[in-house]
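# Structural features, examined
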Amino acid sequence: MTCHAMCHLQVDSECTFGVLGPIYLPPHAVSIPRTEVPMEAIIGVTVRRKETISPRSTSEEFSSGDASRYKDSEENTQPHGSAKEKQDKQKKGDEERDEEFIKVFDGDSSLRRRLFRVIAVNRQAGLNQVLVQALRAFHITKDPDQFYLTDLYSEDEDVLHDPTPVLKLHRKEGKRPATFLRFKGRDNYSGEVRVYPGKLKISQAFCTIPVDSKTTVGDLMKESLARFDLDYQFEELRCLEVLLDRGVTERVLSWNERPWDIMKSLGHDSIRQMELMRFYLQLRKDPHGPNVALFIGSLPPNLSERLYENILTDLLGKENKFLKVGPIYYEYGSMVVNFQDSDTAVRALYILRNARLDEKQPLLVMLLPNIEETMIPKEVHPLLVFVNIKSGGCQGLELISNFRRLLNPYQVFDLDIGGPLPGLYVFRNIRNYKILVCGGDGTIGWVLQCLDNVGQDSRCDSPACAIVPLGTGNDLARVLRWGPGYTGGEDPLNLLKDVIDAEEILLDRWTVVFHPEEKTDKPEDNAKQVNSTVAAGSTSEDNSQILVMNNYFGIGLDADLCLDFHNAREENPGKFISRLHNKSVYVKMGLRRIVGQGKVCIKDLHKLVQLEVDFNRVKLPNVEGIIVLNILSWGSGANPWGPLTGDERFRCPTHYDGLLEVVGVTGVVHLGQIQSGLSRAVRIAQGKHIKIHLRSDIPVQVDGEPWIQSPCEVVILKSALKATMLKKKKFKRRGTEPNLDPTAGDGEKEGAQPGQREPGPTNWQNQTDDVEKSSNSQVASNEDSQHATSSVSVSLQATSSQNQ
């Protein structure tokens, strides 16, 4: 929150987390084992630092930025450059303004670390005016009578006095005058300190207790228990000194220590540190309990529980025996192991991190926090954030940093470290929470598949999912109005506000079953295992493979182009870091096929494929590709189904109507026309149960993950798995949002993305909205990003059956 200096007195001192309150995970609800393990090991953070800067703590990575303003250096207070003209010009300007720039150190520690603030005061200013300016620079609101200023460059650190203390300051050549801001510790024999209840269940944020030089920590604890009206026995608690400066450090205090002496000692080193120091009450017994969890990944997949236990026992030894194992995520080679106490868990953490299995990559090991669900207000639905740093334009690192500053760092997880499973396990006891997935369609499918696997162990089996599109296609994100792709121009705070305002909507999910032909010799050749970011396929005893489809299923030309792109990206992953570059590769591949280069297009696909819809045989037209659609977006925003008017054979499709749409593509040119909005695909059928018989090796793809499929029977039927998604509300222009098209005017429709015009006849977004309102008024238009894949862009005027 930002407010005026006078207005802050009217602000409630209790933090409500502002506009993010409905999705904020309260810090007191997170229970962390009492260990010396850094935060990186607990939430899997890899602080990525530039080599040219000095190391900084994890808390600085998550801070609001005040630390960077607090730190300064001698060089940046001097004029830039060494030219004498600049120095003379600056001195002349200072003399004309009759101002003096003074460096203020708040203690001996700040002098050693070269941390100071610069204040500008009038040369004739009185002592009180200079002192108030110095306190304001460090955001100290206490009574100025408790502080005084001394001359840093004087021999005996002389105390400043009226009149004209600025003119009396000693000066060194080439440096600004400098002062110490000191606390009157010798003259102050009493004062007040704040005591916080920590994780004790009490609504009161803190209590203020008067102390003097004779008050002990034991006296402080007894008085605090009386103020908080707590029933705890004195022996059940202990008092901690918590310092919030460049990290969080804790120290357990003994009963005979003197709180006021601690405050005065800190004030001598740094008044800022004295302001940031807190006294906390804490239970002697760890509230995290005897159950400390470690997440272990990169294990061999699909082993038995006994084999996993044997592996851990061999690595840890009997002296670090675990309490229990589970849950186990067999297909991912991951598991959670519980230990009796935090000391054993920490020893196991470092042993497993240094272990190797068959000289392969090291194990992934994370110490997991525990969320106390009872400490979360009923009206709060915490947001679990997953970020895929490898998706699309690789903008995930920036998003992780921003979200960890805005939210509780323990609710933001990097999918590159353990995938979605650690975060889902940590949130397993929360009854109602939301998920934000930052990635492409494959990342969303990955998270949904993991939700299916952990659903039985979670109190919330279907949390609502929102999307920040980072991938190349982002078709599901387009349908749910989250846009064609995150460009970095949107304020992360606005993204979180949109998640709070979004409405819940169901997404149909479909099971795709591949039944191989009996004559196949090698079961593993029946269907290539797809990437786990789509869905972890399972294989039954009859060698059938089962996948989950969220977006679409393609056979033939479309899947063949997708396979070429997939292979090219696997060979040179470093080149595919730009969303625009990825789309240009698709265009090049299509152009090669038009001129006859590359692979030969699949001809006579209708002779190689037999289609049944709702148990009725369907005659296929002469096409080179077949696409089965669940959503009205495909291939980075194109709508193969086309406008919904003028065809009475089919119902108006949506992604929650329980129906699939089957369309065909006649060739590469036709594919390009669909991408650019010049044409639509050939409508073939619409139904709930699709059966396709493949008579030869044919490229196929499920949600953008392609492979060559040998002859088999493919059955697509409604899945028992449900997905609850969050649909963004229609776009509202914000005055602070960049990249708005000032020429849009009245032509920009509510619900459009920035810079998007009045929709034409192929806009999938407005098409979906109109289906929800009325089947008689349909509009459609392409996103701007679609035209990046074609040299032709067309704008058509929308017409409806009512000639609106």
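Conventions adopted
- Residues numbered from 1 in each chain as written.
- Predicted model: local features only at pLDDT ≥ 70, side-chain atom pairs only at ≥ 80, totals over all residues.
- Heavy atoms only, no water.
- Salt bridge = Lys/Arg side-chain N within 4 Å of Asp/Glu carboxyl O.
- Helix = DSSP H or I, 4+ residues; strand = E, 2+ residues; numbered from the N terminus.
- Buried < 20%, exposed > 50% of the residue type's maximum accessible area, 1.4 Å probe, protein only.
- Core = buried A, V, L, I, M, F, W, Y, C linked by side-chain atoms within 4.5 Å.
- Contact = heavy atoms within 4.5 Å.
- Pairing = 2+ DSSP bridges.
- Axes fitted to C-alpha atoms, helices over the stretch in contact; angles between N-to-C directions.

### Looking at the pattern of salt bridges
Inspection of the entire model under this criterion finds 13 salt bridges. Where Asp108 meets Arg182, a salt bridge forms, and the shortest distance between an N and an O atom there is 2.8 Å. With a gap of 74 residues between them, Asp108 in helix H5 (residues 108-112) and Arg182 in strand E5 (residues 178-183) connect regions that are remote in the sequence. Residue classification places Arg182 among the buried positions, given a relative accessible area of 5%. Residue Glu241 is joined to Arg251 by a salt bridge in which the shortest nitrogen-to-oxygen separation is 2.7 Å. Highlighted residues: Glu241 in strand E8 (residues 237-244) and Arg251 in strand E9 (residues 248-253), separated in sequence by 10 residues. When its relative accessible area of 12% is taken as the criterion, Glu241 is described as buried. Using a relative accessible area of 36% as the deciding quantity, one classes Arg251 as partly exposed. Because the salt bridges share partners, they merge into one network encompassing Asp98, Glu100, Arg123 and Arg171.

### Some details on the nonpolar core
If you look at the biggest cluster of nonpolar residues, it comprises 98 residues, and the most contacted ones within it are Ile435, Leu436 and Met725. Sequence-distant contacts of Met725, defined by excluding residues within four places in its chain, comprise Ile444, Cys465, Ile467, Leu476, Leu480, Glu503, Glu504, Ile505 and Leu507. Counting residues in hydrophobic clusters, the runner-up holds 45 residues, among them Ile102, Leu131, Leu253 and Leu266.

### Quick notes on the sheet that holds strand E27 (residues 625-629)
Where strands meet in a sheet, backbone hydrogen bonds hold them as pairs that are either parallel or antiparallel. In spatial order, the strands read E29-E28-E27-E24-E31-E32; together these 6 strands make up an open sheet with antiparallel pairing. Every interior strand has two partners, whereas the edge strands, strand E29 (682-687) and strand E32 (705-709), have only one. Pairs of neighbouring strands in the sheet enclose a mean axial angle of 20°, with direction left out of account. Across 5 bridges, E27 lies against strand E28 (residues 660-665) in antiparallel orientation. When the sheet's bridge partners are listed, Gly625 is paired in E28 with Val665.

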